[in-house]
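# Fold and contact review
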Amino acid sequence: MPEISVKTENLVRNFGSFVAVNQVNIEVYQKEIFGFLGANGAGKTTMIRMLCGLLKPSSGKATVGGLDVYRQSEQIKRSIGYMSQKFSLYEDLTVEENINFYGGIYDLNQKRIQKKRDEIFFSLGMGDYARTLTYDLPLGFKQRLALGCALLHDPRILFLDEPTSGVDPKARRDFWEIIHQTVALGTTIFVTTHFMEEAEYCHRVFIMDAGKIIALDTPTKLKNRYKKKSMQEVFVTLVEKQQEKKTNPMPDSNDKMS
Amino acid sequence: MQRIFSMMVKEFKQVFRNRPMLSIIFIAPILQLFILAFAITTEVLHIKLLVCDLDRSQVSKEVVRGFGNTDRFDLLGFSTDLKEIKEKMKAWEAQMALVIPPGFSRDLGRGQNPEIQVVVDGVDGNTAGVALGYARGILGEFGTNYVKNRPNYTQPVGIHLVNMEERMWYNPDLSSQQFMVPGIVVVLLTILPMMLSALSLVKEKEIGTLEQLMVTPLTRYQLLLGKLIPFLILSYVELAVVMTVAIVFFKIPMNGSYLLLAGLAFLYLFTTLGLGIFISTITSSQQQAMFTAWFFMVFMILMGGFFIPIENMPPILQKLTYLNPMRYFIYIIRDIFQKDSSLFSLLKDAVPMTAFGLLIFSLSVLKFQKRVG
Ligand SMILES: Nc1ncnc2c1ncn2[C@@H]1O[C@H](COP(=O)(O)OP(=O)(O)OP(=O)(O)O)[C@@H](O)[C@H]1O
Ligand SMILES: [Mg+2]
């Protein structure tokens, strides 16, 4: 039995009377790439924010790395990395300055920061941009830098909220290359995406609609179950089914009316 | 410690890279100072003058002629009714009135120093001050001529020949440079820390970096300290610059202790930095934060005795000013500048000011949470 990184039980988050996350139960295992799919507004970001300790759940249980999100959110923050949906490094600082800053915030010593800086420069191919203002970076490199900064303190669990939105296919591939390397080193990845080919790279995917789980399995099993060739088709079929349920709660009642 | 330091380094870099912001921070107050100083010293012409000559003698007419011979004063007319003066001033028709008492020429002839009353509308303190200066000059000149034309007059050359009694109905303190410049110090220590902290926190909220910081182990105290210490330092730098300009360039007398001023300024900064944090927690964009900060500022300035003396406000508003921390600091700064007050004599203002500061600051810090939504 693999070790569990993230576990939720009946997790709920309301905004007023609106239910953004509705009774979600998941288990994410160590060293897993856990894909999180869902249409806009499905509740993906809300879910991630609760797990990162940014948002208090309305009810239910959740642990991250064995720590409780209600009581131990500050400890959780030491062992997780987070890349928010919106690019959020300082654009008025250079690449190097951003790295130094986050290194300082994570209380890494100078040697460690230096080492990480070199890693980002060389393995992420950002050496030429060291003194460039982050504002002037191509988007693909901005995302890569954000990933690098989220990994500075070697987190055990990494949350990525649509890390590749707006990035060209080549840059996206490179990005996933890095994700695979990171997992190989023992990190758990929790990633949301709208790109179905990215879903194929995940070990397991979790499809959410209007705050509820509608499917959770490996991409292969999902494709077999719904007899589709790609995750794209699986996703569309599932979401359409949900739509039908919503518009026609009782399909045969229409017949009687007409 | 390294965490706070990293925040500070980052904050300084960002401030110095934000040119428009930088110029607003550093150039605006100095510009303000210059505008105010020059606006105050420019020549005032065509002051509307009402004359109330109760003496009706040759000599009193000579005095009035002195005022009529210059374009600094426009002679509106004569009046024999003291009440009329008040009414005309209320209706903004007269700015100054000259009251020559009965028996003026007789007393003058006897070598007694008679009084001429000069009534100035103190609403516009600057004009009032200049007008008084002119009046002194004209009366002084009159005195010189009076002695010259009367060879057997035994008094020494009459400088103190005519005493004046000035009455300020609206603005007893006569705002002048000496009064306004210390006020600018207060305004500066309000705008700068409040705007900088509110805008920079809200900007991080807007672009999402605050959310990013909130998932790091940085505590909210480290976050706020790292943010506020640079603004505190910048506030002091700016304070030093403005005071230097005021003292060296405008020769504003500073009679009190610099150390005391700096120390009390620190206590005042709790209020303004605290308000900055507070504003950032109730707004979600820089624009909103800017508006909210302006709102606070206008309220504080209007209700703090900067432009409108507190004594002249309706009683209810006067009571309300006790809730305004700026009120206390304005008194403190003016006292230090003008009277060299000791800490002890300032306690009655310093204590409530500090109490407000600590209250506002701690409530704001509590309201600032390491969470979104
Ligand atoms: N602070 C908030 N207050 C009120 N409603 C909110 C808040 N945050 C999110 N919501 C609502 O909750 C729902 C889920 O939002 P969430 O951001 O989690 O969706 P998402 O799956 O991340 O969507 P996207 O793909 O567009 O990023 C949306 O309908 C959103 O309007
Ligand atoms: Mg989202």
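Here the residue numbering is sequential within each chain, running from 1 through the sequence in written order. To read the labels, note that chains go from A and ligands from 1, taken in the order they are written. Restriction of local features to residues with pLDDT of at least 70 applies here, the model being predicted, together with a cutoff of 80 or more for giving and counting side-chain atom pairs; totals for whole chains, interfaces and linings are based on all residues. Computation of side-chain values: all heavy atoms of the structure, hydrogens and water removed.

Moving on, we get to the overall build of chain A. Runs of H or I in DSSP of at least four residues are treated as helices and runs of E of at least two as strands, each being numbered from the N terminus. Of the regular secondary structure elements, chain A holds 10 helices and 10 strands. When the backbone C-alpha atoms are referred to their principal axes, chain A occupies close to 75 × 40 × 40 Å. Accessible area is worked out with a 1.4 Å probe on protein chains only. A residue is then buried under 20% of its type maximum, exposed over 50%, and partly exposed in between. Across the 258 residues that make up chain A, the buried fraction comes to 54%. Counted over contacts in chain A with a minimum sequence separation of 6, partners at least 24 positions apart contribute 67%. Accessible area for chain A stands at about 12100 Å²; split by element, carbon and sulfur atoms hold 51% of it. Averaging the positions of the 35 positive and the 31 negative side-chain charges in chain A gives two centres separated by 5 Å. By definition in these notes, contact holds between two residues if any of their heavy atoms fall within 4.5 Å. What sets the accessible areas is the Shrake-Rupley method with a 1.4 Å probe; for residues, cover comes only from the shown protein chains. His residues and chain termini do not enter the charge count, which takes Lys and Arg as positive and Asp and Glu as negative. Charge positions are represented by NZ for Lys, CZ for Arg, CG for Asp and CD for Glu.

Within chain B, the regular secondary structure consists of 14 helices and 5 strands. Across the 373 residues of chain B, 52% fall into the buried class. If you take every contact in chain B between residues at least 6 apart in sequence, the share linking residues at least 24 apart comes to 80%. Total accessible area on chain B stands at roughly 17400 Å², and carbon and sulfur atoms take up 65% of it.

To continue, consider the pairing of strand 1 (residues 4–15) of chain A. Residues and elements named next belong to chain A. Strand pairing requires that DSSP identify at least two bridges connecting the strands. In the sheet, strand 1 pairs with strand 2 (residues 18–29) via 8 bridges, with the strands oriented antiparallel. Bridge assignment links Ile4 to a residue of strand 2, and that residue is Tyr29. Where strand 1 folds back onto strand 2 in an antiparallel hairpin, the turn is made up of 2 residues, including Gly16, whose phi is positive at roughly 65°. The sheet contact formed by strand 1 and strand 4 (residues 59–64) spans 5 bridges and is antiparallel. Paired with Val12 across the two strands is Ser59, which belongs to strand 4.

This part covers the side chain of Thr193(A). Residue and element names in this part refer to chain A. Here Thr193 is to be found in the loop between strand 8 (188–192) and helix 7 (196–201). By the criterion applied in these results, polar contacts are pairs of N or O atoms within 3.5 Å in which, for protein atoms, one can donate a hydrogen and the other can accept it, and in which residues neighboring in sequence qualify only through two side-chain atoms. Separated by 2.7 Å, the side chains of Thr193 and Glu198 make a polar contact. What Thr193 contacts, discounting residues up to four positions off in sequence, is Phe36, Leu37, Glu162 and Glu198.

Each pair of donors in an ideal octahedron of six around a metal sits at 90 or 180 degrees, and each pair in an ideal tetrahedron of four sits at 109.5 degrees. Distances decide who is a donor: an N, O or S atom must be within 2.8 Å of the metal, or within 3.2 Å for Na, K and Ca. Water is not included, so sites may look incomplete. The coordination sphere of the magnesium ion (ligand 2), as far as protein atoms go, consists of Thr45(A) (OG1) and Gln85(A) (OE1), spread over 1.8 to 2.1 Å. Separated by 40 residues along the polypeptide, Thr45(A) in helix 1 (residues 44–51) and Gln85(A) in the loop between strand 6 (80–83) and helix 3 (95–105) bring together distant segments of the chain.

Turning to the layout of surface pockets, a few remarks are in order. Residue and element names in this part refer to chain B. In this analysis the probe radius is 1.4 Å and the grid spacing 1 Å, with only protein atoms considered; a cavity is a set of points the probe fits into but cannot get out of, a pocket is an open set with protein on both sides within 12 Å along at least five of seven lines, and lining residues have an atom within 4 Å of a point. Grid points are joined across faces, edges and corners, and a volume is the space filled by probe spheres set on the points. Its boundaries defined by the atoms lining it, the largest pocket holds a volume of some 1000 Å³. Looking at the largest pocket, it is lined by 45 residues, and the ones nearest its centre are Met21, Ile24, Ile25, Met195 and Leu199. Secondary structure elements with two or more residues in the lining of the largest pocket: helix 1 (2–17), helix 2 (19–41), helix 7 (177–207), helix 9 (220–249) and helix 11 (286–302). Examining the composition of the lining of the largest pocket, we find that 14 residues originate from one element, helix 7, more than from any other. By the convention adopted, Pro, Cys, Tyr, Trp, Phe, Met, Ile, Leu, Val and Ala count as nonpolar, Lys, Arg, Asp and Glu as charged, and the other residues, Gly among them, as polar. A class-by-class count of the residues in the lining of the largest pocket yields 31 nonpolar, 6 polar and 8 charged.

Salt-bridge detection follows one rule: a side-chain nitrogen of Lys or Arg within 4 Å of a carboxyl oxygen of Asp or Glu. Taken as a whole, this structure holds 28 salt bridges over all chains when the rule is applied. Residue Lys7(A) is joined to Glu27(A) by a salt bridge in which the shortest nitrogen-to-oxygen separation is 2.9 Å. Pair noted here: Lys7(A) is in strand 1 and Glu27(A) is in strand 2, with a separation of 20 residues, a long-range link. Overall, Lys7(A) belongs to the partly exposed group, its relative accessible area being 27%. With its nearest N and O atoms 3.9 Å apart, the salt bridge here joins Asp107(A) to Arg3(B). Remark: Arg3(B) occurs in helix 1 and Asp107(A) occurs in the loop between helix 3 and helix 4 (110–123); the pair is interchain, linking two chains. Look at Arg3(B) and you get buried, because its relative accessible area is 10%. Several salt bridges converge on common partners, so that one network encompasses Arg112(A), Lys115(A), Lys116(A), Glu119(A) and Asp154(A).

Residue and element names in this part refer to chain A. Only a single heavy atom is needed: when it lies within 4 Å of a molecule or strand, its residue is near that molecule or strand. Near ligand 1 you find 14 residues, and of these Gly41, Lys44, Thr45, Thr46 and Gln85 are the closest. Within the side chain of Asn40, a nitrogen or oxygen atom sits 2.9 Å from an oxygen atom of ligand 1. The separation between an oxygen atom of ligand 1 and a polar side-chain atom of His194 is 3.0 Å. Expressed as a share of its isolated accessible area of 640 Å², the protein-covered part of ligand 1 is 65%. Contributing elements (two or more residues each) for the shell around ligand 1: strand 2 and helix 1. For the shell around ligand 1, the leading source of residues is helix 1, giving 3 residues. By residue class, the composition of the shell around ligand 1 is 5 nonpolar, 7 polar and 2 charged.

So, on to the packing of aromatic side chains. All names here are of chain A. Centres within 6.5 Å are what make two rings of Phe, Tyr or Trp a pair, Trp counting through its six-membered ring; a difference in plane orientation under 30 degrees is then read as stacked, over 60 as edge-to-face, and the rest as tilted. Scanning the model with the defined rule gives 19 aromatic pairs over all chains in all. Aromatic side chains Phe34 and Phe206 sit 5.9 Å apart centroid to centroid with 40° between the ring planes, which places their arrangement in the tilted category. Linking Phe34 in strand 3 (residues 33–38) with Phe206 in strand 9 (residues 204–209), this pair joins segments that are 172 residues apart in sequence. In this structure, Phe34 and Phe206 share a single accessibility class: buried.

Looking now at helix 4 (residues 82–90) of chain B. One side-chain oxygen at the N-terminal end of helix 4 of chain B lies 3.1 Å from the backbone nitrogen of Lys83(B); it belongs to Asp81(B). Where helix 4 of chain B terminates, the next one or two residues include Trp92(B), which has phi positive at roughly 60°.

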